[in-house]
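Each chain, letter by letter, is given below.
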2 protein chains.
Amino acid sequence: MKEIAQSCGVSVATVSKALNGKEDISKATRDRILRKAEEMGYMLNASARALKTNRTYSIGVLFIDSTSAGLAHEYFSEILESFKNTAEESGYDITFISRTISGRPSTFLKHCEYRNFDGVAVISADFADPQIQELITSDLPVVTIDYISGCCPAVVSDNARGLQELVHYAYNKGHRRIAFMHGELTDVTKERMMGFYRACRELGIEPDPAWVTESLYHDMELCAERTAELIALDNRPTCIIFPDDYSYLGSMKVLQDAGLRVPEDISAMGYDGIRLARVIGLTTYRQDTETLGRAACRRLIEKIENPEAMTEQTVVMGRLIEGNTVSTIKVVTGE
Amino acid sequence: MKEIAQSCGVSVATVSKALNGKEDISKATRDRILRKAEEMGYMLNASARALKTNRTYSIGVLFIDSTSAGLAHEYFSEILESFKNTAEESGYDITFISRTISGRPSTFLKHCEYRNFDGVAVISADFADPQIQELITSDLPVVTIDYISGCCPAVVSDNARGLQELVHYAYNKGHRRIAFMHGELTDVTKERMMGFYRACRELGIEPDPAWVTESLYHDMELCAERTAELIALDNRPTCIIFPDDYSYLGSMKVLQDAGLRVPEDISAMGYDGIRLARVIGLTTYRQDTETLGRAACRRLIEKIENPEAMTEQTVVMGRLIEGNTVSTIKVVTGE
DNA sequence: ACGCGCAACGAAATCGATTACGTAGTTCTT
DNA sequence: AAGAACTACGTAATCGATTTCGTTGCGCGT
């Protein structure tokens, strides 16, 4: 900037104003400065600007996953991708949050303070972790995804409704013995269980407790085990709702080995609606990751630009995707 | 820092030295300062430090994917995850590179200069893009993954060997009519084709040109089409190598509809070795994403800390994973 | 001719840290 | 005891931009 100032015969202050499009400058000199800056290949310095303005235009993203898979879940990576694109449009860059500062151990919050993030998004994390609690209850603008903390804006998927729709769908196809294999007991899972039981009540069916079983999200091996248990039951369910699309894949071999064809002998439904599900024709409930990521980013930026704003929460609707893994059963009246 | 200095009765310079563990300070005052800093909840400011030292300890990552899937490929997200972890250990944070600066369009290179990244990693990108060429030929330390540019260190998977191994494996199982459906013609693909043809030469088999066909990576629909074409051939291959594990999934339905069982009627092999492949028992070649990400990060940091260093290239070996999708065929001697 | 208002620009402080260099005090030499 | 050699610390410049608060010059009304 100094060089530009010299070679244009003005002060650095003037250059700064020209570059930032302030009013306080004549069109002639502005053009001169901009042209000069261009031809000198000038690039302003984010650190200096941040130091002075106390704004970095960068957002920290926390993407810790207890199952170690990290970014590997399509659900999360899709949300991240959408979040990233939205942030980009609004002029923010995104950086991963870690527990380290220049190589030595620290806390999430310290790391954010060190980097001066304007805001923070927390996704899919282990919200029981005290460090995460410290982070989301801090003064920084924070948005949480799939978790409602009360103290910061949250964006959540319509988990209860999702399960409700799946159950209704199966019911309408004639199913009465519907099993629900759920993931580990997170808030998301609890929502889904609520949806499941609510739908059952609405429809007047009572699930055998043995049909509601716990697995882990994205754990194909465990899901295979649970599936084996389910189909070994005397009152075997006619339809299984799996924790997610991936899990269903884990069960496929088990079903096949047991001589059960899908959907002729047993029906199956997934959750998430990853690309794969569409290809193999799995009936599932698609979570709208694109909207989730975008909404989360919007909420966060609102919070950044207006910290006093209400900390509302946003529910993003998904939709059922009909495949061919649920059969139509004739309902025997009077049963 | 000023506050600490005041309340400890020393100058800010002394505080800085204490905080950075310089020698030029007595143990007594250092301890006093560190204790004070701790109790005041002091956190040093990355922007100020960066401004002064010209080092940000952050790396830019370029993850553009022509197929729009972005992070959604397990292969890429695994590499990213590993890269991220390695960077973290070494004290670097990672930020996504975009084409925008504070919301207005720009170039990748400009964005990196603006953010003062210490280095840049380019993965899976469309290397034909002039902006990417500009970036990797710039003065910044750059590492490329799965692409060899000559001007910067590169980390690549052993694509040629991977295909070679797959062909040998099939051959040893008795297969002589081996088809290779490859992805779009990138450098990676060319390597794989080389490996394929080399293996055929080594083994003295000559693939029908119709067996070598082009699809797209991760495009299940297109793969399904290509598969249909392959199995409609008069001299149908006995084994198909698919562009990747995902693609194989796309073909499953086609094979099934044609009444072809895997592996009894036709054999199949994938590429990548994603989790899913292991579960469904697909024989495939696993790329070592963990090592790829780690090696890339290491190379980059070496380059950052010693820009004059040789720009070597690193090849990361994968390994064949035996599933149950390749049958054993009795070889008719004299054929 | 005088004063007023406005447009255009500059001087200098500021953000928070780092560091070359200077200085005072202490210990060691011979 | 005088100078050398350290030790421990402070001064002040510096990084690159932003911003406040002037100042200057000019046109215009009366």
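Residues numbered from 1 in each chain as written. Chains lettered and ligands numbered in written order. Predicted model: local features only at pLDDT ≥ 70, side-chain atom pairs only at ≥ 80, totals over all residues. Heavy atoms only, no water.

1. Overview of the overall build of chain A
From N to C terminus, chain A includes 13 helices and 14 strands. Over its C-alpha atoms chain A spans a radius of gyration of 26 Å, topping by over 25% the 20 Å that the globule rule assigns to 335 residues. Across its three principal axes, chain A shows a C-alpha extent of roughly 95 × 40 × 35 Å. A separation of at least 24 residues holds for 67% of the contacts in chain A among residues at least 6 apart in sequence. Just so you have it, chain A exposes about 14,800 Å², and 49% of that area is on carbon and sulfur atoms. When the 37 basic and 48 acidic side-chain charges of chain A are each reduced to a single mean position, those positions are 7 Å apart. (Helix = DSSP H or I, 4+ residues; strand = E, 2+ residues; numbered from the N terminus. Rg over C-alpha atoms; globule rule 2.2 N^0.38 Å. Contact = heavy atoms within 4.5 Å. Areas by Shrake-Rupley, 256 points an atom, 1.4 Å probe, with all protein chains shown as cover. Lys, Arg positive; Asp, Glu negative; His and termini not counted. Charge placed at Lys NZ, Arg CZ, Asp CG, Glu CD.)

2. Looking at the interface of chain B and chain A
In this complex, chain B contributes 50 residues to the contact, which on the side of chain A involves 50 residues. Taken together, the connections running from chain B to chain A amount to two salt bridges. Inspection of the chain B/chain A interface yields 20 residue pairs in polar contact (both at pLDDT 80 or more). Contributions of two or more residues to the side of chain B that touches chain A are made by α4 (46-53), α5 (74-89), β2 (93-96), β3 (100-101), α6 (108-115), α10 (220-232), α11 (245-257) and α12 (275-280) of chain B. Per-element accounting of the side of chain B that touches chain A gives the leading share, seven residues, to α5 of chain B. Residue classes in the side of chain B that touches chain A are distributed as 20 nonpolar, 17 polar and 13 charged. (Salt bridge = Lys/Arg side-chain N within 4 Å of Asp/Glu carboxyl O. Polar contact = N/O pair within 3.5 Å; in protein donor to acceptor, adjacent residues only side chain to side chain. Nonpolar A, V, L, I, M, F, W, Y, C, P; charged D, E, K, R; others polar.)

3. Brief notes about the pairing of strand β2 (residues 93-96) of chain A
Residues and elements named next belong to chain A. Alternating residues of β2 divide into Asp93 and Thr95 and Ile94 and Phe96, and every residue in both groups is buried. Both strand β1 (residues 58-62) and β2 contribute to a ladder of four bridges, which runs parallel. Bridging across to β2, Ser58 finds its partner in Asp93. (Buried < 20%, exposed > 50% of the residue type's maximum accessible area, 1.4 Å probe, protein only. Pairing = 2+ DSSP bridges.)

4. A short note on the packing of helix α8 (residues 159-172) of chain B against helix α9 (residues 187-203) of chain B
Residue and element names in this part refer to chain B. Taken N-terminus to C-terminus, the directions of α8 and α9 make an angle of 35°; their axes are 7 Å apart at the nearest point. For the crossing formed where α8 meets α9, the hand is right-handed. Within the contact between the two elements, α8 uses Asn159, Ala160, Leu163, Gln164, Val167, His168 and Tyr171 and α9 uses Val188, Glu191, Arg192, Gly195, Phe196, Arg198, Ala199, Glu202 and Leu203. A breakdown of the residues in the contact of α8 with α9 according to their chemical character gives eight nonpolar, four polar and four charged. (Axes fitted to C-alpha atoms, helices over the stretch in contact; angles between N-to-C directions. Left-handed = near helix turned anticlockwise from the far one by under 90°.)

5. Here's the deal with the packing of aromatic side chains
Scanning all chains against the criterion turns up 17 aromatic pairs over all chains. Arranged with centres 5.6 Å apart and planes meeting at 55°, the rings of Phe242 of chain B and Tyr248 of chain B form a pair that is tilted. A residue is classified by how much of its surface remains accessible, and Phe242 of chain B, at 1% relative accessible area, is buried. Relative accessible area serves as the criterion here: at 6%, Tyr248 of chain B is assigned to the buried category. Clustering of aromatic rings is evident, with ring pairs tying together Phe63, Tyr75 and Phe76 of chain A. The ring of Tyr57 of chain A is capped by Arg55 of chain A, whose NZ or CZ atom sits 4.4 Å from the centre of that ring. (Phe/Tyr/Trp six-rings, centres within 6.5 Å; stacked < 30°, edge-to-face > 60°. Lys NZ or Arg CZ within 6 Å of the ring centre and 35° of its normal.)

6. Things to note about the sheet that holds strand β9 (residues 212-214) of chain A
One key point about sheets: their strands pair by backbone hydrogen bonds, in either a parallel or an antiparallel sense. Residues and elements named next belong to chain A. Taken together, four strands build an open sheet; the order of strands is β9-β8-β10-β11 and the sheet is parallel. Of all strands in the sheet, those bounded by a partner on one side alone are β9 and β11 (267-269). Between one strand axis and the next, the sheet turns by 20° as a mean value, whatever way the strands run. Relative to β11, strand β10 (residues 239-241) runs parallel, the two sharing three bridges. If you follow Ile240 over to β11, its bridge partner there is Ala268. Helix α9 (residues 187-203) rests against β8 (178-182), β9 and β10 of the sheet, and its axis sits at about 170° to β8.

7. Things to note about the relation of the copies chain B and chain A
Between chain B and chain A, which share one sequence, the superposing operator has a rotation angle of 180° and an axial displacement of 0.0 Å; the RMSD is 0.1 Å. What the superposition gives is, in effect, a two-fold axis relating one chain to the other. By residue overlap, the copies meet face to face through one surface: 100% of the interface positions of chain B are interface positions in chain A. (Least-squares fit on C-alpha atoms with pLDDT ≥ 70 in both.)

8. As for the pattern of salt bridges
Enumeration over the complete set of coordinates arrives at 28 salt bridges over all chains. A salt bridge links Asp31 of chain B to Lys27 of chain B; the nearest nitrogen and oxygen atoms lie 3.0 Å apart. In this pair, Asp31 of chain B and Lys27 of chain B are both assigned in helix α3 (residues 27-39), four residues apart and thus about one turn of the helix distant. Its relative accessible area of 31% is what places Asp31 of chain B among the partly exposed residues. Judged by its relative accessible area of 60%, Lys27 of chain B falls in the exposed class. Through salt bridges with shared partners, a single ionic network connects Asp158, Arg161 and Glu165 of chain A.

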